Amino acid sequence: MSIYLTLDNLNDLISSKSLKILKKNQKENGTNYYFTPNLVLKLYGAKVIFINPKFLVFQFCKIKNSSLYLLLKSINSILLNELKKTHSEMFNKEIYSFFSDVDDKFTIRCYLPNYKNKYFIQCESSDNSVNYFTLPKHQITYDMITIEIRNVWYKNEKGGFNIELKGVYYNFS
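Residues numbered from 1 in each chain as written. Predicted model: local features only at pLDDT ≥ 70, side-chain atom pairs only at ≥ 80, totals over all residues. Heavy atoms only, no water.

Novice: Help me understand the pairing of strand 3 (residues 30-51), please; the structure alone is not making it clear to me.
Specialist: Looking down a regular strand, the side chains alternate between one sheet face and the other. As defined by bridge partners, strand 1 (residues 2-4) adjoins strand 3 across three bridges and the pair is classed as parallel. Within the sheet, the bridge partner assigned to Tyr4 lies in strand 3 and is Val40. Of the pairings in the sheet, the one linking strand 2 (residues 20-25) to strand 3 comprises six bridges and is antiparallel in character. Note on strand 3: the bridge partner recorded for Lys24 is Asn32. Here strand 2 hands over to strand 3 after four residues, with Asn29 in that stretch at a positive phi of 55°. As paired elements, strand 3 and strand 10 (residues 141-155) share 13 bridges and run antiparallel to each other. Across the sheet, residue Leu39 finds its bridge partner in strand 10, namely Ile149. Between strand 3 and strand 4 (residues 55-61), which pair antiparallel in sequence order, lie three residues. (Pairing = 2+ DSSP bridges. Helix = DSSP H or I, 4+ residues; strand = E, 2+ residues; numbered from the N terminus.)

Novice: Whenever I open this one, the packing of helix 1 (residues 7-15) against helix 2 (residues 66-86) confuses me. Can you help?
Specialist: In helix packing, the relevant descriptors are the interaxial angle and the interaxial distance, both defined with respect to the helix axes. The interhelical angle for the contact between helix 1 and helix 2, taken along N-to-C directions, is 10°, at an axis separation of 10 Å. Between helix 1 and helix 2, the angle falls in the class roughly parallel. Judged by residue contacts, Leu7, Leu10, Asn11 and Ile14 of helix 1 engage Leu71, Ser74, Ile75, Ile78, Leu79 and Glu82 from helix 2. (Axes fitted to C-alpha atoms, helices over the stretch in contact; angles between N-to-C directions. Parallel < 35°, antiparallel > 145°, perpendicular 65-115°, else oblique. Contact = heavy atoms within 4.5 Å.)

Novice: Help me out: how do you make sense of the layout of surface pockets in this one?
Specialist: Empty space among the atoms becomes apparent when a probe as large as a water molecule is rolled across them. Within this model, the largest pocket holds a volume of roughly 300 Å³. For the largest pocket, the lining is made up of 15 residues, of which Tyr96, Ser97, Phe98, Arg109 and Phe161 are closest to its centre. Here the residues of the lining of the largest pocket sort into nine nonpolar, five polar and one charged. (1 Å grid on protein atoms, 1.4 Å probe; cavity = no way out; pocket = protein on both sides within 12 Å on 5 of 7 lines; lining within 4 Å. Points joined across faces, edges and corners; volume = space filled by probe spheres on them. Nonpolar A, V, L, I, M, F, W, Y, C, P; charged D, E, K, R; others polar.)

Novice: I tried to follow the confidence of the model for the chain on my own but got confused; where do I start?
Specialist: One rule of thumb: low pLDDT means the predicted coordinates there are not for detailed reading. On average, residues of the chain carry a pLDDT of 92, and 99% of them reach 70 or more. Model confidence for the chain, summarised as mean pLDDT per element, is weakest for strand 1 at 85 and strongest for strand 6 (residues 105-111) at 97. (pLDDT = per-residue confidence, 0-100.)

Right, here's the structure in full:
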């Protein structure tokens, strides 16, 4: 089950105690804290600024996307507060935000779910010409992307969010 996040949806999940954070130890001295139900965001105008076969980095302008920026800051704070409330061992731990904030831009790093270089990312286009995902060209801007906040990891005194790219949409009109 997936929930498309808004602040109202997230607050409803928390107040109804429907948001669960499940702890799972990693094989090599680390821990993952998974969110259930799946937390999904749709983001518009995501510009690719870094490409790697395992992840992409998307950039947004704070001025043009000020409401998105404030939404992400709030979601980040709420999720970290819930994690620290439900798992007391995380109370004093530093966990990196799921987006980076530099000057008038902010970025989100998204992992690309794949197996043997086949990507499991839904791909749609306005003219139905694109039906499978390939690594994009540098500086491409997607009309819309769908991301999922998978979990928070903690290992070797460092922690952060795992964000996965779930879908992309191209508008060729």
